[in-house]
Amino acid sequence: MAVTAARARPAAQRRKKKSAWPAVRGWLFIGPVVIGTLLFNVLPMIPTLYTSLTNWDGISSPQWAGFANYSRIFSGGDPEFMKSLINTIIYAVVYVPVGIAVGLVLALLVNRKARGIVLFRALFFMPVVTSLVAIGMVWRWIFDDQYGVLNWLLSLVGITGPHWLGEPVSAMIAVMITGVWAIMGYNMVILLAGLQSVPAELLDSAKVDGAGALNRFRHVMLPVLTPALFFLLIMSTIGSFQVFGLIFVMTSGGPGDSTYVYIYELWYQSFQLRKMGFGSAMAVLLFLVLGVITWIQWRLSKRWVFYQ
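Presented here is a report on the structure given in the accompanying data block. Remember, it's a predicted structure, so these values are computed and weren't measured experimentally.

### Overview of the overall build of the chain
Within the chain one finds 13 helices and two strands. Judged by the C-alpha coordinates and their principal axes, the chain covers about 90 × 65 × 35 Å. Counting only residues that meet the buried cut, the chain has 35% of its 308 residues in that class. Here the analysis covers contacts within the chain between residues at least 6 apart in sequence; of these, 68% occur between residues at least 24 apart. A total of about 18800 Å² of accessible surface is found on the chain, and carbon and sulfur atoms cover 70% of it. Mean positive and mean negative side-chain charge positions of the chain (23 and 11 charges, respectively) differ by 27 Å.

And the structure:
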């Protein structure tokens, strides 16, 4: 009995070491990402949280203010805050579903074996790796009411184009179009990966059963795509609340305050008016709001996201 137990112990230890290796290997892969996230995303939140409780101009020593900055936000002490929040919500409501829909259409178009299809995929993805400043400058020229390409094309069919960036409604529409164009390639690649993971046997079986293209997409492809759609929903929502570069380059929050979004207000308060404490409070509030929205999306995803 003693000899058997002695032999069993090393075997058990070997099994324990062997079973621990997958976890160690997993941490070796994700360790750099976790460390980078802690250093560059989580730790900077600590001084931001402290700054939000102070009055600080970015130069002199911070003066403790408690929750005065948060009180100013919720009491309406900043008249532009509510307007920036409303504009951001309007932008998000259009940008998120339209961006995902355009990406899905593109993914369906390029999800085929054809000569030169790789080139088309690369062209559609090119805006993703292009500077937002460059994108904003190009589209600002496209939307120019006198020399822009868009109004010139409209004039060819007898339509007088609007002053795109000079009118409140059309300016927001112009920024939305540019934002969707900039992100459509990323959405396309994510959804294309999802489409290519659809088992060919399921599509063939549905075709044999007489299902048309629409029914095959609805009942076979779409359920497989739900994890990718859920991921894009979360990322697009976060990105829509953080839109700044395009606004800064194309409209500077104008005309009036029609494109004055949340991050633009945060930038203006922090770096133009030098109210770093108030800007930090806005940043903390945005973090909390996005956290709540993401949690709600995660809870609701159990009803419509299907994992293989």
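Additional details are given in the paragraphs that follow.
### Concerning helix 10 (residues 213–241)
Taking 1.5 Å of rise per residue, the 29 residues of helix 10 would be expected to cover 42 Å, yet its terminal C-alpha atoms sit only 36 Å apart, more than 12% below that figure. By the largest-angle criterion, Leu222 marks the main kink of helix 10, which is about 50 degrees, and a proline, Pro223, follows within four residues.

### Brief notes about the packing of helix 8 (residues 168–195) against helix 10
Two elements in contact, helix 8 and helix 10, have axes whose closest approach is 8 Å; the angle formed by their N-to-C orientations is 155 degrees. For the element pair helix 8 / helix 10, the angle class is roughly antiparallel. Note on packing geometry: the crossing formed by helix 8 with helix 10 is right-handed. Of the residues in helix 10, those in contact with Tyr186, Asn187, Ile190, Leu191, Gly194 and Leu195 of helix 8 are Met221, Val224, Leu225, Ala228, Leu229, Phe231, Leu232 and Ser236. Residue composition of the contact of helix 8 with helix 10, by class: 11 nonpolar, three polar and no charged.

### Describing the packing of aromatic side chains
Per the stated rule, a full pass over the model turns up 16 aromatic pairs. An angle of 40 degrees between the planes, with centres 6.5 Å apart, marks the rings of Phe248 and Tyr264 as tilted. With Phe248 in helix 11 (residues 245–250) and Tyr264 in helix 12 (residues 262–272), this residue pair connects regions lying 16 residues apart in the sequence. Following the ring pairs from residue to residue traces out a cluster consisting of Phe244, Phe248, Tyr260, Tyr264 and Trp267. The ring of Phe278 has Arg72 lying over it, and the distance from NZ or CZ to the ring centre is 4.0 Å.

### A short note on the environment of Val93
For Val93, the position within the fold is in helix 4 (residues 79–110). When the C-alpha positions of Val93 and Thr54 are compared, they lie 34 Å apart, and in sequence the two are 39 residues distant.

### Describing the side chain of Ser258
Summarising the element assignment, Ser258 is placed in the loop between helix 11 and helix 12. Only 3.4 Å separates the side chain of Ser258 from the backbone oxygen of Gly254, close enough to count as a polar contact. Side-chain polar atoms of Ser258 contact the backbone oxygen of Pro255, separated by 2.9 Å. With residues up to four places along the chain from it excluded, the contact list for Ser258 reads Asn87, Pro168, Ala171, Met172 and Gly253.

### Re the side chain of Ser270
Along the chain, Ser270 falls in helix 12. There is a polar contact of 2.9 Å between the side chain of Ser270 and the backbone oxygen of Leu266. When sequence neighbours within four positions are dropped, the list of residues in contact with Ser270 reads Lys275, Met276 and Gly279.

### Quick word on the nonpolar core
Within the largest apolar cluster, 30 residues are counted, with the highest numbers of intra-cluster contacts made by Tyr91, Ala107, Leu191, Leu225, Ile247 and Tyr264. For this core, the secondary structure elements donating two or more residues are helix 4, helix 8, helix 10 and helix 12. Examining the composition of this core, we find that nine residues originate from one element, helix 8, more than from any other. Those residues in contact with Leu225 that lie beyond four places of it in its chain are Leu104, Leu191, Gly194, Leu195 and Phe217. Ala92, Phe278, Val284 and Leu286 belong to the second-largest nonpolar core, a separate cluster that totals 16 residues.

Parameters at a glance
Residues numbered from 1 in each chain as written. Predicted model: local features only at pLDDT ≥ 70, side-chain atom pairs only at ≥ 80, totals over all residues. Heavy atoms only, no water. Helix = DSSP H or I, 4+ residues; strand = E, 2+ residues; numbered from the N terminus. Buried < 20%, exposed > 50% of the residue type's maximum accessible area, 1.4 Å probe, protein only. Contact = heavy atoms within 4.5 Å. Areas by Shrake-Rupley, 256 points an atom, 1.4 Å probe, with all protein chains shown as cover. Lys, Arg positive; Asp, Glu negative; His and termini not counted. Charge placed at Lys NZ, Arg CZ, Asp CG, Glu CD. Expected span 1.5 Å × (residues − 1). Bend = angle between axes of the 7 residues up to and from the residue. Axes fitted to C-alpha atoms, helices over the stretch in contact; angles between N-to-C directions. Parallel < 35°, antiparallel > 145°, perpendicular 65-115°, else oblique. Left-handed = near helix turned anticlockwise from the far one by under 90°. Nonpolar A, V, L, I, M, F, W, Y, C, P; charged D, E, K, R; others polar. Phe/Tyr/Trp six-rings, centres within 6.5 Å; stacked < 30°, edge-to-face > 60°. Lys NZ or Arg CZ within 6 Å of the ring centre and 35° of its normal. Polar contact = N/O pair within 3.5 Å; in protein donor to acceptor, adjacent residues only side chain to side chain. Core = buried A, V, L, I, M, F, W, Y, C linked by side-chain atoms within 4.5 Å.

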